[in-house]
Amino acid sequence: MKRIGFLLLFLLFPTLTHALTIERMNIVIDIASDGKSHWTVEIDYDNYTSRTNYYVFGLIENVHVYGEKGNELKCTVGLQGIGTLINCRHIHEKHVTYTFTAHNLVNPVGSAKRFAYTFPVTSVMRNLEIEVRLPFGAVIIDKEKLADIGLKPFVPEWGEVASDGRQIFVRWKFEKPSLGSAIEVSVIYEQFLEASHLMIIVSFLTILFLVFLAVSFRKKSRIKEILPVLNENERKVMQFLLAQKKKETDQRKIARELGFSKPKLSRIIKDLEERGLIEVTRRGRTNRIKLAFSKKKK
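Note that the structure is a prediction, hence the values are computed from the model and not measured.

J.: It is not clear to me how the nonpolar core should be interpreted in this structure. Could you clarify?
T.: Looking at soluble globular proteins, one finds that nonpolar side chains tend to be buried together. With 46 residues, the main nonpolar core has Ile-27, Trp-39, Tyr-54 and Phe-119 as its most contacted residues. The element contributing the most residues to this core is strand 5 (residues 83-102), with eight residues. Not counting residues within four places of it along the chain, the set of residues in contact with Tyr-54 comprises Met-25, Ile-27, Trp-39, Val-41, Thr-84, Leu-85, Ile-86, Tyr-98, Phe-100 and Phe-119. Core analysis: the second largest hydrophobic core is formed by 17 residues, Leu-230, Leu-241, Leu-242 and Ile-268 among them.

J.: Would you mind showing me how to read the confidence of the model for the chain here?
T.: Atom-level detail of predicted coordinates should not be read off regions where pLDDT is low. On average, the chain scores 83 in pLDDT, and the residues at 70 or more come to 81%. Across residues 1-18, confidence stays below pLDDT 50; counting only partners more than four residues off in sequence or on other chains, it has 40 contacts.

J.: Help me out: how do you make sense of the packing of aromatic side chains in this one?
T.: Aromatic rings considered in pairs are described by the distance between their centres and by the relative angle of their planes. Applying the stated criterion across every chain yields a total of nine aromatic pairs. Seen in terms of ring centroids, Tyr-55 and Phe-57 are 5.3 Å apart; in terms of plane orientation they differ by 85 degrees. Their pairing is edge-to-face. For the pair shown, Tyr-55 and Phe-57 are each scored as buried. Seen from their ring centres, Tyr-117 and Phe-119 are 4.7 Å apart, and the 65 degrees between their planes marks the pair as edge-to-face. Judged by relative accessible area, which is 5%, Phe-119 ranks as buried.

J.: Would you mind going over the state of the cysteines with me for this structure?
T.: Here, the word disulfide means a covalent bond between the sulfur atoms of two cysteines. Within the structure shown, the criterion is met by one disulfide. Sulfur-sulfur distance for the disulfide between Cys-75 and Cys-88 comes to 1.9 Å. Across the S-S bond linking Cys-75 and Cys-88, the dihedral sits near 105 degrees, which makes this disulfide right-handed. Remark: Cys-88 occurs in strand 5 and Cys-75 occurs in strand 4 (residues 75-80); sequence separation between them is 13 residues. Overall, the relative accessible area of 25% leaves Cys-75 in the partly exposed class. What makes Cys-88 buried here is its relative accessible area of 0%.

Analysis parameters
Residues numbered from 1 in each chain as written. Predicted model: local features only at pLDDT ≥ 70, side-chain atom pairs only at ≥ 80, totals over all residues. Heavy atoms only, no water. Core = buried A, V, L, I, M, F, W, Y, C linked by side-chain atoms within 4.5 Å. Buried < 20%, exposed > 50% of the residue type's maximum accessible area, 1.4 Å probe, protein only. Helix = DSSP H or I, 4+ residues; strand = E, 2+ residues; numbered from the N terminus. Contact = heavy atoms within 4.5 Å. pLDDT = per-residue confidence, 0-100. Phe/Tyr/Trp six-rings, centres within 6.5 Å; stacked < 30°, edge-to-face > 60°. Disulfide = S-S within 2.5 Å.

Quick look at the structure:
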């Protein structure tokens, strides 16, 4: 019955299907402490398309759609059936990024909370990656606590659990998901620390981290010492800045050289700036980026 229900989407919303093949779809869902979820959906088509759309089961807000050069696309957003359709026409793009905030996808399970969503596969695609990031201070619930109610900590159970040092996340990778199928994803988590307590701890750890960096630079005067504590994308940005002879680099050049979308790079830049690793200066319609710690000559 569930499969039939999703196949009806092809009849009810014909604009959801697309003649082009999706080479890669990457979905990152960042759950906030208030239960809202902030989505970033990146789609790479196998050729340039004149239209793109994305359907969400439920209500969404703060919708933005960007092209491959970081330009914001003009799209319509409206309720259709049991969800919301984002529809973009008269474009010429191969890479599209959707960002929006969704409501009512997190529900209580006793003292814990459960995020659940079903992704219908309405286009031919080669690779699909879904990542659900828990709120700061949250942990995945223990299996033993769910033994009596028949639920799993996360579904599908083969998902990869990891952390970037700030948030725990679960990631699933699908190769050539079947057209017309439905992929059910859920994560049950507990808030290990309240937001106020967490902010105090994060602030304290940030201060310790910055002190450590200052001492490290005075002793070794090499910014490469901090690279191992960064995640992969942050390391790429820092290594790129290290390789530049100029003191400042245009943010657009970083995005172009590293192949990052504008929203993705903006998040990385914001995180690095908040941690005191880079300095950002607004120049006209773009930002100029430089390392907060200059390299010393040998």
